Amino acid sequence: MNLKPGKHTQATRQRVIRIFLIQALVVVVMAVIALLLGVTQAYSVLLGGLLYLLPNAYFAKRLLFSRQHGSANRALAEMYIGQIWKMAISIVAFSAVFIMVRPLSPFSLFFAFILLQVSGWYLQMKANYRFLKL
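Model, not experiment: these values are computed from the prediction.

**Section: the pattern of salt bridges**
Argument step 1. All chains considered together, the criterion is met by two salt bridges.
Argument step 2. For Glu78, the salt bridge is made with Arg62, and the minimal N-O distance between the two is 3.2 Å. Here Glu78 is found in helix α3 (residues 72-100), whereas its partner Arg62 is found in helix α2 (residues 39-64), with 16 residues between them in sequence.
Argument step 3. In this structure Glu78 comes out as buried when scored by relative accessible area, which is 5%.
Argument step 4. Residue classification places Arg62 among the partly exposed residues on the basis of a relative accessible area of 22%.

What follows is the structure, encoded as structure tokens:
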């Protein structure tokens, strides 16, 4: 069953895209600042940002841009499947980075990853608060 996306869905998509763009900008700014410490720190920050953004982008795309949610049960199943794939992508990506990238600054990588995680929570709370006030 194909459902036509409503106004709420479009607004949600726009908020999610805006949050991803802000987070991508944060990664770039952090990488430029980290460049003052060294090239290894700078690309480690970029990798940490990608390790956060790519799995989350997959999850958001799967949920927000799929038109196959015919029922609440199907939507919930899609969320679980999307979350499992998001974790699998994260595990593979982290493994690949730690195996293939030398030299690597783990502190810079995890700092960027954790900062984006926290910024995602903060930005989502701000977006939800604004949405509820309208």
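Now that the structure has been shown, we can carry on.
**A closer look at the packing of α2 against α3**
Argument step 1. Put simply, α2 and α3 touch, their axes get as near as 9 Å, and they point 160° apart. In terms of orientation, α2 lies roughly antiparallel with respect to α3. Once α2 is placed against α3, the crossing between them reads as right-handed. Of α3, the residues touching α2 (which contributes Leu47, Leu51, Pro55, Asn56, Tyr58, Phe59, Arg62 and Leu63) are Glu78, Met79, Ile81, Gly82, Gln83, Trp85, Lys86, Ile89, Ser90, Ala93, Phe94 and Val97.
Argument step 2. Of the residues assigned to the contact of α2 with α3, the class counts are 13 nonpolar, four polar and three charged.

**Observations regarding a nonpolar patch on the surface**
Argument step 1. The grouping of Leu25, Val29, Ile33 and Leu36 at the surface amounts to a nonpolar patch, some 440 Å² of accessible area in total.
Argument step 2. Its place among the elements puts Leu25 in helix α1 (residues 7-35).
Argument step 3. Judged by its relative accessible area of 56%, Leu25 is exposed.

**Let's talk about the UniProt feature "transmembrane region" (unreviewed entry) in the protein**
Argument step 1. Here, the residues flagged by UniProt with the feature "transmembrane region" (unreviewed entry) are residues 16-36, 42-59, 80-101 and 107-123.
Argument step 2. Between the C-alpha atoms that bound residues 16-36 the distance is 31 Å, and the span itself is 95% helix and 0% strand.
Argument step 3. Secondary structure within residues 42-59 divides into 100% helix and 0% strand; the distance between the first and last C-alpha atoms comes to 26 Å.

**Structural notes on unusual backbone geometry**
Argument step 1. At the junction of Arg102 and Pro103, the peptide bond is cis and its omega measures out at -10° in the coordinates.
Argument step 2. The residue Pro103 is located in the loop between α3 and α4 (106-133) in this model.

**A look at the packing of aromatic side chains**
The geometry of two aromatic rings is summed up by the distance between their centres and the angle between their planes.
Argument step 1. Considering all chains together, one arrives at six aromatic pairs under this definition.
Argument step 2. Ring geometry for Phe94 against Phe98: centres 6.4 Å apart, planes inclined by 15°, an arrangement best described as stacked. A residue pair is termed a helical-turn pair when its members lie 3 or 4 positions apart in one helix, as Phe94 and Phe98 do in helix α3 at four residues.
Argument step 3. According to the relative accessible area criterion, Phe98 is partly exposed, its value standing at 28%.
Argument step 4. Between Phe107 and Phe111, the ring centres sit 6.1 Å apart and the planes meet at 20°, which makes this aromatic pair stacked. Of the two residues, Phe107 and Phe111 are both situated in helix α4; the distance of four residues between them amounts to about one turn of the helix.

**Examining the nonpolar core**
Argument step 1. Membership of the largest hydrophobic core comes to 16 residues, with the highest contact counts inside it found for Leu47, Leu51, Leu53, Val97, Leu104 and Leu109.
Argument step 2. Contributions of two or more residues to this core are made by α1, α2, α3 and α4.
Argument step 3. No other element matches the six residues that α2 contributes to this core.
Argument step 4. With near-sequence residues (within four places) excluded, Leu53 lies in contact with Phe20, Gln23, Ala24, Val27 and Leu116.
Argument step 5. Ranked by size, the runner-up nonpolar core spans six residues in total, among them Met30, Ala31, Ala42 and Val45.

Calculation rules
Residues numbered from 1 in each chain as written. Predicted model: local features only at pLDDT ≥ 70, side-chain atom pairs only at ≥ 80, totals over all residues. Heavy atoms only, no water. Salt bridge = Lys/Arg side-chain N within 4 Å of Asp/Glu carboxyl O. Helix = DSSP H or I, 4+ residues; strand = E, 2+ residues; numbered from the N terminus. Buried < 20%, exposed > 50% of the residue type's maximum accessible area, 1.4 Å probe, protein only. Axes fitted to C-alpha atoms, helices over the stretch in contact; angles between N-to-C directions. Parallel < 35°, antiparallel > 145°, perpendicular 65-115°, else oblique. Left-handed = near helix turned anticlockwise from the far one by under 90°. Contact = heavy atoms within 4.5 Å. Nonpolar A, V, L, I, M, F, W, Y, C, P; charged D, E, K, R; others polar. Patch = residues over 30% accessible without salt bridge, like charges linked within 9 Å, V, L, I, M, F, W, Y side chains within 5 Å. Areas by Shrake-Rupley, 256 points an atom, 1.4 Å probe, with all protein chains shown as cover. UniProt positions renumbered as here; feature names shortened; annotations may be inferred. Phe/Tyr/Trp six-rings, centres within 6.5 Å; stacked < 30°, edge-to-face > 60°. Core = buried A, V, L, I, M, F, W, Y, C linked by side-chain atoms within 4.5 Å.

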